[in-house]
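Structure assessment
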Amino acid sequence: MEFPQQQKPAGDGKIVYPPGVKEITDKISNDEVVKRLKMVVKTYMDMDQDSEEEKQQYLGLALHLASEFFLRNPNKDVRLLVACCLADIFRIYAPEAPYTSHDKLKDIFLFITRQLKGLEDTKSPQFNRYFYLLENLAWVKSYNICFELEDCNEIFIQLFKTLFSVINNSHNQKVQLHMMDLMSSIIMEGDGVTQELLDTILINLIPAHKNLNKQAYDLAKTLLKRTVQTIETCIANFFNQVLVMGKSSVSDLSEHVFDLIQELFAIDPMLLTSVMPQLEFKLKSNDGEERLAVVRLLAKLFGAKDSELASQNRPLWQCFLGRFNDIHVPVRLECVKFASHCLMNHPDLARDLTEYLKVRSHDPEEAIRHDVIVTIINAGKKDLNLVNDQLLGFVRERTLDKRWRVRKEAMMGLAQLYKKYCLHHEAGKESALKISWIKDKLLHIYYQNSIDDKALNEMWKCQNMLRGLVKELLDLHKLPVSEANNTSEESQDFMKKFNQVLGEDEKLRAQLEMLISPTCSCKQAEVCVREITRKLTFPKQPTNPFLEMVKFLLERIAPVHIDSEAISALVKLLNKSIEGTADDDEEGVTPDTAIRSGLELLKVLSFTHPTAFHSAETYESLLQCLKMEDDKVAEAAIQIFRNTGQKIETELQQIRSTLIPILHQKAKRGTPHQAKQAVHCIHAIFNNKEVQLAQIFEPLSRSLNADVPEQLITPLVSLGHISMLAPDQFASPMKSIVANFIVKDLLMNDRSVGNKNGKLWSTDEEVSPEVLAKVQAIKLLVRWLLGMKNNQSKSANSTLRLLSAMLVSEGDLTEQKKISKSDMSRLRLAAGGAIMKLAQEPCYHDIITPEQFQLCGLVINDECYQVRQIFAQKLHLALVKLLLPLEYLAVFALCAKDPVKERRAHARQCLLKNISVRREYIKQNPLAQEKLVSLLPEYVVPYMIHLLAHDPDFTKPQEYEQLKDIKECLWFMLEVLMTKNENNSHAFLRKMVENIKQTKDAQCPDDTKANEKLYIVCDVALFVIANKSTACHLDCPKDPVLPSKFFLVQDKAIHAHSHTPVLSLLMQPKPAPVLGAVNKPLTVPGRRIFTKTTTASDTTSNTSTNSSPLSSTTINKNRLMHVHTHTQQQKNMWALFVRL
């Protein structure tokens, strides 16, 4: 636009200064300039708009003050005074400024804006002048002149940025008000707000900026509230372009749109009047992550305490509820989490949410079902009226969920509600009545038959552990003071205080001893807890964390559930079921089921409360159970006698005389499980156990007949357990039985011909009696050796050779081909498990040769799925209890070859668990530092390398496929092992592998080919380690210890060179995760082709046609023998490893 020509001063153009003010030029000093400018400022301050004569007189001075000399003066005092003069000039000459040049006006307002930065320091001597400048500009609305400029936006942006940057908590309300007036006039009187200007306001709402300058946030918030009618359109346009049109480039704040919407909604929902329909559009996006972001945002908007959005925008609310059924799991999870806040803040919306929570309580995802429970329980704990009966019903249903984590959350949640409202009566009788059903429900479901449901077991185990710890603490107080004090120095503060209180109060100790006494009844426990609590309540305090902790401990150790009276009541209920007078059918269970479940419950209690069973009435009922036909019932009854009957012989002679014949009968002719329990029961509760066991051993040993195998199983079980429990008495006679009958007559003979249907596995009922007898014979050998715990007679060597031969022959020890494939699988599993069991005893572990260890480990690659599955489970359980030596953890590396994805995943979980257990054990036990070689997970690597070097499939090291198998096995272990680089472990692993290359294979030190295979596996391991971690090349001060049983240290390092181009290896991509990398068929010489699949048929096909989709030809026995082949020239290895 065209501006009118700039006004000219009257007269000859000479600048007129106020009286007493000399000319201001660049020839004078800064101090003099400041002095003269102050007088000019005073003059302009005193002038008003009606002073026409003075306005004309000082026009030249006004133009002069806008010259470059003043606008770019380096002295800040000069600039401040000039800015004040210019602000007054705009006030005096309003509405027409004396400056009509576009460029000059822009320079002046940018200059004035820069001076406003001085507002930041309220303690500055010049702050009053800066405040005067701000006040003047705001009062006159001077910046509105800039609307006539084409690039006024630049000035406004600079002004807004300046004001938002200088405002701080030292400014008073007047400063904030003037800033607000100045900015709001620009927004409301202009033609619109540009995106750049809007960004300068909205950026202060982003959480990062909001936390940096709270005053800037408040200023932006107030500004938006004041200008809502004007700025709403601009905000809507911004969100429309970003949300609907996808133009993220329109603003640097595009990535913060959801944060901005949340803040704007909190400031004034009117700011988003046109934006909410856009969010409805985004809720229906095809992008799951985008829907998740919108759901998170709306959850905050709908769930905010004072939000009325759900009632004001019903279409958006209904659309949001639809996301509870979203296909994307994280979206459904977010909706469920939102429901908790919504129920607490908006009870009126509970009806809308109930139906959707019902559907989600049956969600296929465990995490969502779990969070539904958390949502309802959290709301109920805040106020029971927030959750209706229907919502509580969903939690009730989930107590029967198929997943333990969900069941646990449901039960714990209901228990918390019951404790809060029924026991502590925090909401009156009406609320207590509303949830009175919880107690019966929890007690009814507390003990389930599922293997995961060990709630009672774990609860009582925990109680026993805590009672034991408290007993130890009380025992310490019976020691001399000096000895007792040494134990409490490292205790927690709470325990220190508790220990001090016990030391000072003898009566308190007596009450606590009574509480943990095995004979303490529930009523006595209640009195003890009350007395202990009363003693610790004084002096009374508003809050007493120590008392709360003591109460928590007392709740855990007090026998509030079970005592002799409770056991007696349970036994009476059991008697009613046995006699048929109980109303079991009304409870929905059959009498047999009730008896079995009742005995299972009593069996659990017998472990944790054995003294509560000691009564003639209880034992009479158990004797009745022993005479029942149900094998499980009799077995449970025997175990209860075993756990609780220590005083039967001395105090209950009649029970003893009745029990002994029954136990003898069960040990001779009962089921295998009954026989085992009967032998252990006799050993546990009778003083003349040697005589009793001999009366069983002698007739059984004389009656052994291999021609009637179905009558052999129970005697073999009994004989095995007798020899294990009383080795001094029965080890010698057992030796002749083993040599003459077990090995020679039973294991080395095949009397019957097995089923030739080709199945690799069959059900227990389909296994032939002869094979079942052979399996028990193998177990007898192991129990016999475990009882002796020595190898003086070399019996263990012979047994290990026999078991190895069983594995080499694939289970057909006689090689007469009479035995069926499924029976061979059973025998391979038994042999592998037997070696693993013997390895848990140190004296036998030492004599197990590397070859025998390798044969045992290869069972995890057996062709039969069930053999692999059961063996892996046994291996994991022994390792996780730290019963097996570390080398057996290396066996899991072979699982990389398993054709079934679930088996590989299970093996990986076993590795994670075992490594975690070992690391935690080392942390918790300082003495473990002395045994790091046998505990530190990293020390599994040498065993793994040796095992893979002797893998019978590794016959041609020059072949790519075989090298790839080795790499996958190494990666399977190392990926888990190298998750974290704790204590420079990656460098330690590298050094360990490099050290192995300085040794020879102790298994065959003079075999050049075997040693070369060992070095090649080392090279592949170094390649995998280097690809996994860059930290592996750091220095490692620790010197790894290599097992001498597997590696022979050389006097001179002759194998330092690499068999592979390591630099080329490092240039290759990192190996893919092993579970994905092995998803292709493996064709390994000497082993059958595994067709990888993940269908359910993998786990069941053994019982129908075959164990897994394998060839029907006979497995080559050399599969289990170590075969060393000639290695090609060095140059071929380069090409192979580059491909790898």
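Since we're looking at a predicted model, the values are computed, not measured.

A look at the overall build of the protein chain
Helix and strand counts for the protein chain come out as 56 helices and two strands. Put simply, 74% of the contacts in the protein chain that link residues at least 6 apart link residues at least 24 apart. For the protein chain, the computed accessible surface area is about 53,200 Å², with 51% contributed by carbon and sulfur atoms.

Details of the packing of helix H13 (residues 228-244) against helix H15 (residues 276-283)
Taken N-terminus to C-terminus, the directions of H13 and H15 make an angle of 10°; their axes are 10 Å apart at the nearest point. It follows from the interaxial angle that H13 and H15 lie roughly parallel. For the pair formed by H13 and H15, the contact residues are Ala236, Phe239, Asn240, Leu243 and Val244 on the first element and Gln278, Leu279, Phe281 and Lys282 on the second. A breakdown of the residues in the contact of H13 with H15 according to their chemical character gives six nonpolar, two polar and one charged.

A look at unusual backbone geometry
Trans peptide bonds make up most of the peptide bonds, and negative phi angles are found at most residues other than glycine. Positioned with a positive phi, Lys141 is a non-glycine residue whose angle comes to about 60°. With respect to the element layout, Lys141 can be found in the loop between helix H7 (127-140) and helix H8 (152-166). Located in the positive-phi region is Leu882, a residue other than glycine, with phi close to 60°. Within the secondary structure, Leu882 is located in the loop between helix H47 (865-880) and helix H48 (901-924). Look at Leu882 and you get partly exposed, because its relative accessible area is 28%.

Examining empty space enclosed by the protein
Where empty space is left in the structure can be found by rolling a water-sized probe over the atoms. Scanning all chains against the criterion turns up six cavities of 30 Å³ or more. Of the voids in this model, the largest cavity is the one considered here, and its volume is about 60 Å³. Lining of the largest cavity is provided by Asp750, Ser752, Val753, Gly754, Ser768, Glu770, Val771, Lys774, Ile819 and Asp823. Here the lining of the largest cavity takes three residues from helix H42 (residues 769-788), the largest share from any one element.

Considerations on the packing of helix H34 (residues 616-626) against helix H37 (residues 653-669)
Where H34 meets H37, the axes come as close as 11 Å, and the angle between the chain directions of the two elements is 25°. On the basis of the axis angle, H34 is roughly parallel to H37. As for the relative orientation of H34 and H37, their crossing is left-handed in sense. Residues Ala616, Tyr619, Glu620, Leu623 and Leu626 of H34 touch H37, and the partners they reach there are Ile655, Thr658, Leu659, Ile662 and Lys666. Tallied by class, the residues present in the contact of H34 with H37 amount to seven nonpolar, one polar and two charged.

Side note on the packing of aromatic side chains
As enumerated under the stated definition, the model contains 19 aromatic pairs in all. Where Trp317 meets Phe320, the ring centres are 6.1 Å apart and the plane angle is 20°; that geometry is what we call stacked. A residue pair is termed a helical-turn pair when its members lie 3 or 4 positions apart in one helix, as Trp317 and Phe320 do in helix H18 (residues 314-321) at three residues. As far as burial versus exposure is concerned, Trp317 and Phe320 are alike and both buried.

Focus on helix H10 (residues 195-202)
In terms of burial, H10 is largely enclosed, as seven of its eight residues are buried. The set of residues buried in H10 consists of Gln195, Leu197, Leu198, Asp199, Thr200, Ile201 and Leu202. On the buried face of H10, the contacting elements are H8, helix H9 (173-189), helix H12 (214-226), H13 and helix H14 (257-267).

With respect to helix H19 (residues 329-345)
In this model H19 runs 25 Å from its N-terminal to its C-terminal C-alpha over 17 residues, within 8% of the 24 Å that 1.5 Å per residue would give. Residues of H19 that are buried: Val331, Arg332, Leu333, Glu334, Cys335, Val336, Phe338, Ala339, Ser340, Cys342 and Leu343. In this structure, the buried side of H19 is in contact with helix H16 (288-303), H18, helix H20 (350-360), helix H21 (366-382) and helix H22 (389-398).

Re the confidence of the model for the protein chain
For the protein chain, per-residue confidence averages 82 on the pLDDT scale, and 87% of positions sit at 70 or higher. A low-confidence stretch, residues 1053-1057 (pLDDT under 50), is modelled with eight contacts involving residues beyond four sequence positions or located in other chains. In the predicted structure, residues 1060-1140 sits below a pLDDT of 50 and forms 189 contacts with residues beyond four places in sequence or in another chain.

Here we look at the side chain of Asp812
Along the chain, Asp812 turns up in the loop between helix H43 (795-808) and helix H44 (821-838). Buried and without a salt bridge, Asp812 has Lys817 as its closest oppositely charged side chain, separated by 5.6 Å. In contact with Asp812, other than residues within four places in its own chain, are Asp750, Lys817, Ile819 and Met824.

A look at the side chain of Gln962
Position of Gln962 among the secondary structure elements: in helix H51 (residues 960-977). Its relative accessible area of 2% is what places Gln962 among the buried residues.

Examining a nonpolar patch on the surface
Judged by side-chain polarity, Val244, Met245 and Phe281 come together as a nonpolar surface patch covering roughly 280 Å² of accessible area. Summarising the element assignment, Phe281 is placed in helix H15.

Comments concerning a positive patch on the surface
Taken together, Lys676, Lys779, Lys837, Lys874 and Lys881 make up a surface patch of like positive charges. Looking at where Lys881 falls in the secondary structure, it is placed in the loop between H47 and H48. Note on Lys881: relative accessible area 56%, which makes it exposed.

A short note on the environment of Lys991
Among the secondary structure elements, Lys991 is positioned in helix H52 (residues 985-996). Spatially, the C-alpha atom of Lys991 lies 9.0 Å from that of His1033, the residues being 42 residues apart in sequence. Apart from the residues within four sequence positions on either side, Lys991 is in contact with Cys1036, Pro1037, Lys1038, Asp1039 and Pro1040.

Some thoughts on the state of the cysteines
One covalent bond between the sulfur atoms of two cysteine residues makes up a disulfide. Enumeration according to the criterion identifies zero disulfides in this entry. Note on Cys520: no disulfide assigned, nearest cysteine sulfur contributed by Cys528 at a separation of 5.2 Å.

Topic: the pattern of salt bridges
The tally for this structure, following the rule as stated, stands at 44 salt bridges. Glu366 is the salt-bridge partner of Arg403, the closest N and O atoms lying 3.3 Å from each other. Of this pair, Arg403 sits in the loop between H22 and helix H23 (404-423) while Glu366 sits in helix H21, and the two are 37 residues apart along the sequence. Overall, Arg403 belongs to the partly exposed group, its relative accessible area being 43%. Through salt bridges with shared partners, a single network forms among Lys106, Asp151 and Glu154.

Here we look at the environment of Ile996
Relative to the helices and strands, Ile996 is located in helix H52. A relative accessible area of 0% means that Ile996 is categorised as buried. Filtering out sequence-adjacent residues up to four positions away, Ile996 remains in contact with Pro942, Ile945, Leu1014, Tyr1015, Cys1018, Leu1042 and Phe1047.

Each value, and the rule that gives it
- Residues numbered from 1 in each chain as written.
- Predicted model: local features only at pLDDT ≥ 70, side-chain atom pairs only at ≥ 80, totals over all residues.
- Heavy atoms only, no water.
- Helix = DSSP H or I, 4+ residues; strand = E, 2+ residues; numbered from the N terminus.
- Contact = heavy atoms within 4.5 Å.
- Areas by Shrake-Rupley, 256 points an atom, 1.4 Å probe, with all protein chains shown as cover.
- Axes fitted to C-alpha atoms, helices over the stretch in contact; angles between N-to-C directions.
- Parallel < 35°, antiparallel > 145°, perpendicular 65-115°, else oblique.
- Nonpolar A, V, L, I, M, F, W, Y, C, P; charged D, E, K, R; others polar.
- Buried < 20%, exposed > 50% of the residue type's maximum accessible area, 1.4 Å probe, protein only.
- 1 Å grid on protein atoms, 1.4 Å probe; cavity = no way out; pocket = protein on both sides within 12 Å on 5 of 7 lines; lining within 4 Å.
- Points joined across faces, edges and corners; volume = space filled by probe spheres on them.
- Left-handed = near helix turned anticlockwise from the far one by under 90°.
- Phe/Tyr/Trp six-rings, centres within 6.5 Å; stacked < 30°, edge-to-face > 60°.
- Expected span 1.5 Å × (residues − 1).
- pLDDT = per-residue confidence, 0-100.
- Lys, Arg positive; Asp, Glu negative; His and termini not counted.
- Salt bridge = Lys/Arg side-chain N within 4 Å of Asp/Glu carboxyl O.
- Patch = residues over 30% accessible without salt bridge, like charges linked within 9 Å, V, L, I, M, F, W, Y side chains within 5 Å.
- Charge placed at Lys NZ, Arg CZ, Asp CG, Glu CD.
- Disulfide = S-S within 2.5 Å.

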